[in-house]
Amino acid sequence: MEEVDNGCEWDVASDTCEQTTDQLSSDEDTDGKEEHELKMDDLKDEEAEELPDLEWLEELYNCNFILLTPTTPAPKSESESDDDLACESGDEKERTFSATARMFKLRRNLDQLDNFHRQKECALLKAREDLNLLRQSIESLLEQRDVLEQEIEHQEAAENSVAVTRLRAQHRNLCYELQREEEIETHTNNELRQQELELSEVELEVGKFSVLRQEVQEEERVFKVFKAQNAVKRLQQEKNNSRTLQRKIQHLKKKNVDVLEKTGTLSQKKKEDGQANRKVGAKYLRETVRRMQQQEAEREQRKRESMQKRIEAVKLLKSNIEATQENLRVRQSRAKANALKKERHEKRLKETLQAQGINSTRHIYQQKRDEEMKQKQEEFKERQKARRVEIVDKLLEEQLVKSRKAQEAPLPKTKTGHKILSPGRIREKLLRYLDSVHPSGTERETTQLRNLSASGSSSDSEYQEDIIQKEMQHLSLPDSLEEPEFCGLWDQNFKPPMNEKTTLTPTDVKREHAVVCPKLSTTPKKVGGKQIKGPSFTSKPEVILFKDFEVGETYKKKVILTNISYITNHCKFLGISAQLQDFIMINFQPPGPLSTGMSCEMHITFHPSINEDLEGEVDFASAAGRFSVPVRCTIKRCDLEVDNQFIDFGSHVVGQTISRTITLTNKGALATRFSLDTTKPVPEIHQVQMPSHRSADTQQDTSTLNTDQTQSTASTREVHSMDRILDRSTVSRKSQRESRVSTPDPRAASVSSSMHSQIPEALSDTCDIRIGNVREGDIGPFESVKLEIIFSPTVPGEVKLDLYIKFSDPTSCPIAILVKGEGAGLPVWVVEPNIDMKICMFDRLYQEVVTLQSSTSTALKLTFDLWPEMRKHIEIIPRTGFLQAQSSFTAHLKFVPRNTLPQDANKYFDSATGVLEVPMTVQVAGQVQPVIYTVQAIVTSSDLKFGQSEVDFGYCSIYQSVKSSVRLTNMSLLPQEFGFVGLPEFVDVQPNDGFGTLLPQETLEIDVIFSANKAKEYRFHLSCKSGINRVFPLACRAMGVCPTLALSHSLVQFGPTAVGDHSTALLYLTYNQTVRNQSKQRPSAGARLFSFTPPQDSSIIITPAAGRLLPGKRCLVLVTFNPKLEDRDIKEEALRLLLKAKQTKEDSKKLLEEEAKRDAEPSKGKKLSKASKLSDFSSKTSTPVETPPPDNIEAGGQRFEEARASLLHSFTSRYSEYTIPCFVSDGDPPEEDRQAQPTWSPLNTVYLKLQCPAIQPPLVVVSSNIRNYALDFQQVAVGERVTKRFSVKNISEESLEMRSSLLDIYGPFSLLNSLRGVGPGEQHTLVLAFCPTLEKKYCETLEVRCQKMTLAVTLRGEGVVPAITSSHSGGLLDFGYVLEKESTSYVLKLQNSSAVAVGFKAMLYSLSLSKTKGADERVALLLGGYTNSKIQPVVGTQNYNGLSVFSVLPVEGSIAARQSQDVVVTFHPDHPSANYSDQLTIELVNKSKLCVLDLRGAASSHNMYLLGGEPLTVPIESLLPPLITSQTHLAGQSDEMEIQVLVTLLASYSMGTIRPAVKNLEVGCIRASKKGNDFNWDNMASLQQMGFNVEPSKGNVEAGTRRTIKLTWIPQSGHKPNEVVQTCAPLTLKGDETRVYSVTLIALVSTHVD
């Protein structure tokens, strides 16, 4: 395994070496490579790039060096090599593998050396062949030059200047080519020598390694032997492995046999069990199958029976269908026979009527209309019958259900005993019950049933009575036996009996009507053993009619009531309808009992006081029940009709006059005014007049209709009168509405008068049908007026006219009359009287056919007349002919309009419109009136007109093409094809290569492109041919020039570039040595100035845009295409989005308001009319939205960027072309004035054409903080780091892999996150940081790249040094004394004077992580290291609760530009101490410290405190509260507490004088107390004796102040210098509590005190 691994390692190494042989290596520092590089320095750069890697050559040198060293072992013989290979020691194995690797490496290097040698040989042969070809080319060029020189001499002798110029040009070109070939020959010769030198060097190298080659061959032989031995060993090992594997396989086979035997035994047992189970299952399966087969057979039998039944039904249906079809055929044949018979009958009738002089058409039409009306009446009666039965059945069912539920007596008892009501009364009771329970039901059905119960036919009554009797039989006998003896007053209302001889007055009628019960029993009644059916009385007349009454008049009627029943009956007056009580008086005397056939009279007086239709009933009571007599009162109306509404004049010859008369009849009692015209009536007047027919129809009585009348109006009245009988309950309401309509309305009268004023007095004379002399007039009551209608055909054909008879009465509808007539032409006529030649061109032939038709029975001679003016333009062939009887004649008309047509036929031809209209005649023999026809045509020109007569292209560069647009106009009214033919090779015509079609009067822009191929003057013509082979020439001229400067490419085609990306192209602007212009050569002047002028606001950037170019030099020009969106388009889009948002907001607001109103007032919303809704909608849609001006939209603002994003999302591909001129000066400005403008010539102008396609960007910026692809960090404090984000979105349909450009690693900008791939519609956010280090402006570009575009984002920012000042300059900040658990604050003001916001932090030393560094101070203090009592540690005593005694708000923040920030420092102790301290540091974001404050404070448990004296303890206290209290406090013996205070007084002694010692103590008061704030010294006498003086000894301290106590010690006389004076004096402080300070005074004299 070790050998295999080592071999693999060597193989990998060799492969790596092989892969690196094709590249140059510059990292090797060996001596061999340096020598090789020195040898290769003489080669050219081009060849150096193509040389292979020569690293192997160094290896060969090294190997050769190793071989030549003395330590190199000599080659061994074959036997010795075999012995070495047979050795199996570890060292020999390693040496064998290293030798093998060395062998392969040497063989590879030698092979590469051989390949290199062969390459050099091939290169040498190729160079020699190229040199031979160049020499042959030079020889041929020399021969051509000699020939040209001879030709030039010959042409100069012949003085042919043109040929001499051409030959000289060729000679110059040939010399240039010869010079170039000679230079190439020299270069090739040098290369050949270099190749020979290199080949010699390589051969030398090959010879050097001959010994190494032999060594490698020997090692290869040894390696083959070693490989064969290894193969034998591996074969033996594989054989052993195979034998071992065979033994294992045999063992496995034995195991498998045992397993198979066990499996077979188990499977046999399972098989036996399965067979037993199958036998049992088969038994049950057979039974199940038998049962299923039996069920299937039964189902099949039922299916067959069902199928048989269906077959029989189908056969029966088929036979029925055949019988039905046979019946239908019989009926159809019978109907056809009847129709044929009817048609014959009508024909005979028509002939008979025409013979009698009667209008047959009118008569037949009237009969058909009568039959249709009768059929409609019968259908109406049938429907009414069915409806009656349905209504009665429904009412009876409801009554039966109600009676069963109530279980009460069906009939009440009166004084005269039980009365059985008749079926009519039962129906009446049901109807009244229906009216009372369902007052909102249909009145029509109720009134129909009431009328039928009173005046129905006997058959219907009997049928209904049988139904009622059957229903009454369902009532049980116990129900009838439980009937009470009398009914209650709640069931029936009674009135006191009236005297039969008394006469009812109107007041009595009203009173009685009020008392009458609205519900009467409809139970059948038996009188004398007979059951009464139907009405018992009939009236004459049946309807009391007051027709055409006038207000104020009195009308009287007599009515006879006759007993038509078979019993003796009586008649009792009940009352009249409520609407008639004020106008009608009834005079009726009850007659008493009346026998059958006897009658009585009733007098009715009608005194109208209103002009309205009235309708009602007069109610009576009889033994058979209640009945009524209808009363109708109608006002005066107009009943207008005509005898014929359809007038057919038939067919008449042109020129004949025929008249017909119609009769207008007024059957009403009201006069009106009529007018006859063709104006269609106004719809409103028609709606007002409709009810007049209905009200007029009520005048007809069903009993007095004239059955002999056959006119349509009578039939209509019958239908309407029947409708009135069936709808009597609504008569009163309708009559009131009709009376309102019949009352003249001033508004309707005004409309009618205005309408009549607009009616023309006479119809147009051009109409063949006209009205006679009577057009309008008055028609009185029951009068008739005859109206005449005249028909005078002027042209053949059918004529129809609708006439309308209008009336001034607003209730009368206009009557429409249809008039029809047909005019027949002459016996000979032209089939097409108007021959339209359509649109014709001048000088073109057009043909048409003139066909004449004859209806005579003889032949006629025809002669075609032709006007003299038209003989040059129109020809008819033949001019004369014969028209046979009942046949046609055809002539050919040829029309060739000449250009002289406007002058020849000016009266027929309109030059402005080109319309030609010539009336032509045909003379017919024996006919006075000629046949007239007209020839019409529109004659137009066939010219094509150019917009200009000559095209001047001006100066055209031979490197450019010049385009000139020409307007080609089609002067014809017909479309024409055109094409430019025979174009020169230097001219191109577009579009469509100069071919196309021009529509009538169309103008097309033709682009003529001229490309000069020589510098000369051009004059030529372009030929444009039309479709009719007319040629229109166009003259052109141009001047070809050769500019001084030339571009390497005159056309640049950019690839599709996304908006926001850019594409670049590199060009060269070259200065030509000579300028050729108009076949003349002139040397170029000095340097030239050039200037590119791209269009303004374009996406093109040219660098350099201007410059200076020397002769023979060239300039690199960079053209950049950067597509972008125009600001104007973005502002318009922003304006559109703003308007859309406002409109949406207003619409939503209005919608919410409408919903709120709808919820608040739902009823009002339902009552709105359609017109109001439409007006509201129109007002909503027409609400104007204020449009802000586009100038108010700031570029770079939020709306601006939103509009930009919207345009980018909807951007479509855009293609633009630019032609950019490059102006070239004639030379430098004059030396006298370099600032002067140089002269420019159009001959030197060069043009650059750019094709720029722009596409939608796949990546867009969707963040609002990006303005115009720039991310501005604004001003940032130096040292502060600001982070901003912006997102890019993939709006394409493909996934994009994004990567970014590298930002300056030493710059302030940095990209904090990595880029990833984004899918379609996804976004990715980039996080950028800006951290300036200096006070200056920074700008850098970040490029976000993907497969299709590069999105460049400009990063800008400015570093600003912050200028922050503090109200406290730093140092000590002492809060003084406060009460424990109370607080005090100090406000520290920070002022920012810079123009940028600056962040800060307020850090307490006690809360910082670095406070542990001060632990050594505490240790030193505890060990007594602090000798000076004024020095305290940074962090002193803290609160017991673990919170810092000093707090700061805010801890951190930012101060806006030119603003200030208050920092509040609060001191809040929780226990008494005088050692509270801390340190506050205000630090800016750039880690600079603004100020450092040492915080000090003290806390007291009482409002009075003493300050001063020597410290008796260390300034650091434990955070734990004291566990052992004082003895006095525990005992509670005294409320006063003594506190020890030490005061040291040092008096100085100098030069025999003693200076007194002075010390100050301060007594302070934190807060006023009710007990007073006093202090008092005790034992002042003893103090004075010892030389101490205290001022003041007692006093009062105001709240919040301190009072100083001065202690002075003056040594007494005789005081020893080193003697210490000590005494103790109590100081009592009285506040909220009394505190006693034991002040120990120690005094001494010192000679060292300053």
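Computed from a predicted model, the values in this text were never measured in an experiment. (Residues numbered from 1 in each chain as written. Predicted model: local features only at pLDDT ≥ 70, side-chain atom pairs only at ≥ 80, totals over all residues. Heavy atoms only, no water.)

This part takes up the overall build of the protein. The helix and strand tally for the protein stands at 26 helices and 81 strands. Considering the protein as a whole, with its 1650 residues, one finds that 35% of them fall into the buried category. A fraction of 73% describes how many contacts in the protein between residues 6 or more apart in sequence connect residues 24 or more apart. (Helix = DSSP H or I, 4+ residues; strand = E, 2+ residues; numbered from the N terminus. Buried < 20%, exposed > 50% of the residue type's maximum accessible area, 1.4 Å probe, protein only. Contact = heavy atoms within 4.5 Å.)

As paired strands, strand β5 (residues 537-540) and strand β7 (residues 555-563) are joined by 4 bridges and run antiparallel to one another. Each residue of the ladder has a partner; that of T538, found in β7, is T562. Strand direction decides the pairing type here: β7 and strand β10 (residues 599-606), joined by 8 bridges, are antiparallel. The partner of K556 across the bridge, within β10, is T605. (Pairing = 2+ DSSP bridges.)

Oppositely charged side chains are able to pair whenever their charged atoms sit close together. Scanning the model with the defined rule gives 38 salt bridges in all. In this structure, the salt-bridge partner of D836 is K838, at a minimum N-O distance of 3.9 Å. Assessed through its relative accessible area of 34%, D836 is described here as partly exposed. R1019 is the salt-bridge partner of E1017, the closest N and O atoms lying 3.4 Å from each other. E1017 gets classed as partly exposed once you look at its relative accessible area, which sits at 47%. Looking at R1019, the relative accessible area reads 56%, which means it is exposed. Beyond isolated ion pairs, a larger network of salt bridges with shared partners links R107, D111 and E220. (Salt bridge = Lys/Arg side-chain N within 4 Å of Asp/Glu carboxyl O.)

Ordered by their spatial adjacency, 4 strands build an open sheet running β54-β62-β61-β57, and the pairing between neighbours is mixed. Each end of this open sheet is capped by a strand with a single partner; those strands are β54 (1270-1277) and β57 (1299-1300). Alignment of β54 against strand β62 (residues 1350-1360), held across 6 bridges, turns out to be parallel. Residue pairing for β62: Q1275 is matched across the bridge by E1358.

Right, let's talk about the pairing of strand β40 (residues 1031-1041) for a bit. For β40, a buried count of 8 out of 11 residues is recorded, marking the element as mostly surrounded by other parts of the structure. With 6 bridges joining them, strand β33 (residues 950-957) and β40 adopt parallel strand pairing. In the strand pairing of β40, E950 is matched with A1035. The loop that links strand β39 (residues 1017-1026) with its antiparallel partner β40 comprises 4 residues; one of these, N1029, has a positive phi angle of about 70°.

When we look at a pair of aromatic rings, we describe it by the centre distance and by the angle of the planes. On inspection of all chains with the given rule, the structure shows 31 aromatic pairs. Between F953 and F1010 the ring centres are 5.3 Å apart and the planes differ by 25°, which places this aromatic pair in the stacked class. Here F1010 lies in strand β38 (residues 1003-1010) and F953 lies in strand β33, a separation of 57 residues in the sequence. In this pair, the class of F953 matches that of F1010, namely buried. Here a set of aromatic residues connected by ring pairs shows up, and it is made of F537, F573, F588, F620 and F627. Positioned above the aromatic ring of Y1068 is the side chain of R1114, whose terminal nitrogen or guanidinium carbon lies 3.9 Å from the ring centre. (Phe/Tyr/Trp six-rings, centres within 6.5 Å; stacked < 30°, edge-to-face > 60°. Lys NZ or Arg CZ within 6 Å of the ring centre and 35° of its normal.)

End to end, helix α23 (residues 1198-1209) covers 17 Å across 12 residues, agreeing with the expected 16 Å (1.5 Å per residue, within 8%). By the burial criterion, the buried members of α23 are F1200, E1201, A1203, R1204, L1207 and L1208. Seen from one end, α23 has its buried residues packed into an arc of 160°, which puts them on one side. Among the structural elements, α20 (1127-1160) and β53 (1259-1261) are those in contact with the buried residues of α23. (Expected span 1.5 Å × (residues − 1). Arc of directions from axis to C-beta.)

This paragraph deals with the side chain of T1481. Residue placement: T1481 occurs in strand β70 (residues 1473-1484). Once you skip the residues sitting within four places of it in the chain, T1481 turns out to touch K1401, A1402, M1403, K1489, C1491 and V1492.

It is worth spelling out the packing of helix α8 (residues 210-356) against helix α9 (residues 360-406) at this point. Interaxial distance between α8 and α9 falls to 9 Å at its minimum, and their mutual angle equals 135°. Overall, the two elements α8 and α9 adopt an arrangement that is oblique. The handedness of the crossing between α8 and α9 comes out as right-handed. From α8, K342, E346, L349, K350, L353 and Q354 reach across to α9, where they touch S360, H363, I364, Q367, K368 and E371. A class-by-class count of the residues in the contact of α8 with α9 yields 3 nonpolar, 4 polar and 5 charged. (Axes fitted to C-alpha atoms, helices over the stretch in contact; angles between N-to-C directions. Parallel < 35°, antiparallel > 145°, perpendicular 65-115°, else oblique. Left-handed = near helix turned anticlockwise from the far one by under 90°. Nonpolar A, V, L, I, M, F, W, Y, C, P; charged D, E, K, R; others polar.)

In space, the 4 strands of this open sheet follow the order β41-β44-β50-β48, with antiparallel pairing throughout. The sheet is open, and its two edges are formed by β41 (1045-1047) and β48 (1100-1103), each paired on a single side. Here the strands of the sheet are splayed against their neighbours by 25° on average, with no regard to which way each runs. Sheet topology places strand β44 (residues 1063-1071) next to strand β50 (residues 1114-1121); 8 bridges connect them, and they run antiparallel. Paired with L1067 across the bridge in β50 is V1117.

Residues L1069, F1092, I1100, V1119, L1250 and F1286 are the most contacted members of the largest nonpolar core, which totals 64 residues. Counting residues per element, this core draws most heavily on strand β52 (residues 1246-1255), at 5 residues. Setting aside residues no more than four positions away along its own chain, L1069 makes contact with L1045, A1046, L1047, F1090, F1092, L1109, K1113, R1114, C1115, V1117 and C1222. Counting 36 residues, the second-largest nonpolar core is a separate cluster that includes M837, Y846, V918 and V922. (Core = buried A, V, L, I, M, F, W, Y, C linked by side-chain atoms within 4.5 Å.)

A separate point is a negative patch on the surface. Together, E139, E143, D146, E149 and E153 make up a region of like negative charge exposed at the surface. Among the structural elements, E149 can be located in helix α6 (residues 90-157). Judged by relative accessible area, E149 falls into the partly exposed class, the value being 34%. (Patch = residues over 30% accessible without salt bridge, like charges linked within 9 Å, V, L, I, M, F, W, Y side chains within 5 Å. Areas by Shrake-Rupley, 256 points an atom, 1.4 Å probe, with all protein chains shown as cover. Lys, Arg positive; Asp, Glu negative; His and termini not counted. Charge placed at Lys NZ, Arg CZ, Asp CG, Glu CD.)

With 75% of its residues at a pLDDT of 70 or more, the protein shows a mean pLDDT of 76. Contacts of residues 684-766 to residues separated by more than four positions or lying in other chains number 142 contacts, the stretch itself having pLDDT below 50. Here residues 1523-1536 scores under 50 on pLDDT; set against residues more than four positions off or in separate chains, the count is 5 contacts. (pLDDT = per-residue confidence, 0-100.)

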